[in-house]
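# Breakdown of the fold
Chain residues, written in single-letter form:
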Amino acid sequence: MELNNCHAIVTGGASGLGAATATAVVKHGGKATIFDRDESRGVDTAKTLGSDAFFRKVDVTSESDVAAAVSEANESFGPFSLVVNCAGVATPGRIIGRKGVLPLATYSNVIMINLIGSFNVLKAAAESMQNNQGDSDGCRGLIINTASVAGYEGQVGQAAYASSKGGIISLTLPAARDLAQFGIRVVTIAPGLFETPMMKGLPEDVQESLAKGTPFPQRFGTSEEYAELVLAIYNNNMINGETIRLDGAVRLAPR
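### Re the overall build of the protein chain
Tallying secondary structure elements over the protein chain gives 8 helices and 9 strands in all. For a compact globule of 255 residues, the expected C-alpha radius of gyration is about 18 Å, and the protein chain comes in at 18 Å, within 12% of that figure. Over its C-alpha atoms, taken along the principal directions, the protein chain stretches across nearly 55 × 35 × 35 Å. The buried share of the protein chain, reckoned over its 255 residues, is 51%. Within the protein chain, contacts between residues at least 6 apart in sequence are counted, and of these 70% link residues at least 24 apart. On the protein chain, roughly 12200 Å² of surface is accessible, and the fraction owed to carbon and sulfur atoms is 52%. Side-chain charges of the protein chain comprise 21 positive and 25 negative groups, with the mean position of each set lying 7 Å from the other.

### Details of the environment of phenylalanine 54
As for its placement among the helices and strands, phenylalanine 54 is situated in strand E3 (residues 53–57). Remark: the alpha-carbon pair of phenylalanine 54 and alanine 73, spanning 19 residues in sequence, is separated by 8.1 Å. Those residues in contact with phenylalanine 54 that lie beyond four places of it in its chain are Ala32, Thr33, Ile34, Ala46, Glu72, Ser76 and Phe77.

### Concerning unusual backbone geometry
Excluding glycine, most residues fall at negative phi; most peptide bonds, likewise, are trans. Here the residue pair phenylalanine 216 and proline 217 is connected by a cis peptide bond, since its omega of -10° sits within 30 degrees of zero. With respect to the element layout, proline 217 can be found in the loop between helix H7 (204–212) and helix H8 (223–234). Notably, alanine 249 is not glycine yet its phi reads approximately 70°, a positive angle. Along the polypeptide, alanine 249 turns up in the segment after strand E9 (243–246).

### Notes on H8
An ideal rise of 1.5 Å per residue puts 16 Å on 12 residues; H8 measures up with 17 Å between its terminal C-alpha atoms. Among the residues making up H8, those that are buried are Ser223, Tyr226, Ala227, Leu229, Val230, Leu231, Ile233 and Tyr234. The secondary structure elements touched by the buried residues of H8 are helix H1 (16–27), strand E4 (82–85), strand E7 (141–146), strand E8 (184–191) and E9.

### As for the environment of serine 164
Position of serine 164 among the secondary structure elements: in helix H5 (residues 159–179). Taking the C-alpha atoms as reference points, serine 164 and valine 186, 22 residues apart in sequence, are found 17 Å from one another. Setting aside its immediate chain neighbours within four residues, serine 164 contacts Val110, Ile111, Asn114 and Leu115. Here the side chain of serine 164 touches asparagine 114 through a polar contact of 3.1 Å, side chain to side chain.

Procedures and definitions
- Residues numbered from 1 in each chain as written.
- Predicted model: local features only at pLDDT ≥ 70, side-chain atom pairs only at ≥ 80, totals over all residues.
- Heavy atoms only, no water.
- Helix = DSSP H or I, 4+ residues; strand = E, 2+ residues; numbered from the N terminus.
- Rg over C-alpha atoms; globule rule 2.2 N^0.38 Å.
- Buried < 20%, exposed > 50% of the residue type's maximum accessible area, 1.4 Å probe, protein only.
- Contact = heavy atoms within 4.5 Å.
- Areas by Shrake-Rupley, 256 points an atom, 1.4 Å probe, with all protein chains shown as cover.
- Lys, Arg positive; Asp, Glu negative; His and termini not counted.
- Charge placed at Lys NZ, Arg CZ, Asp CG, Glu CD.
- Expected span 1.5 Å × (residues − 1).
- Polar contact = N/O pair within 3.5 Å; in protein donor to acceptor, adjacent residues only side chain to side chain.

Here is the structure:
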């Protein structure tokens, strides 16, 4: 489990938290396979990282697509020992809003991408990782899922998003227990308010107001800080079955 020998699969790796993670892995001498739906941005990200990065357009909700992509990743850079699930959506909507009741299709889509998509990648990755050569502890790989503080304190309009992220948090321990016999760790990171493309789409005054709600440091987290935590978890086999809040002590208000 040395970073300079690491081959990582990063979903949602074309931008934001995922791109920063892929960049950090390559910077430390590893290789990164980027999964994303955004082909144009994914290709550009891989080009920026050079020959140690590979892009594959992937729908994380498709069992066959993910299985084929995992197989292709193995062929490109060899066995992988790290998977980081960053793919997700944050579609807002109140259960009963100005336009009526939240459509079930909207709720289902968020759950499908954020929660089921993460599990889909997790199980395909674990199937491959079980064949890896273990380190001195017998660790064969690490799977990191991305939740959110909204999984604990969902705000008004976040019923779907909070449900999906709460599901990821609840998945962490049983998945770690299931995969322990194969030497595969499962950890979740729950970011607070971060400088992501979704956050940057908000009006500037709203961004400033949100940033002030974080006790310390009173700013948004950066994608690089998320990536730094990924690498720290990778280097420490005792971190397993845990959800780590990366949030500057913020606790979300109802709205």
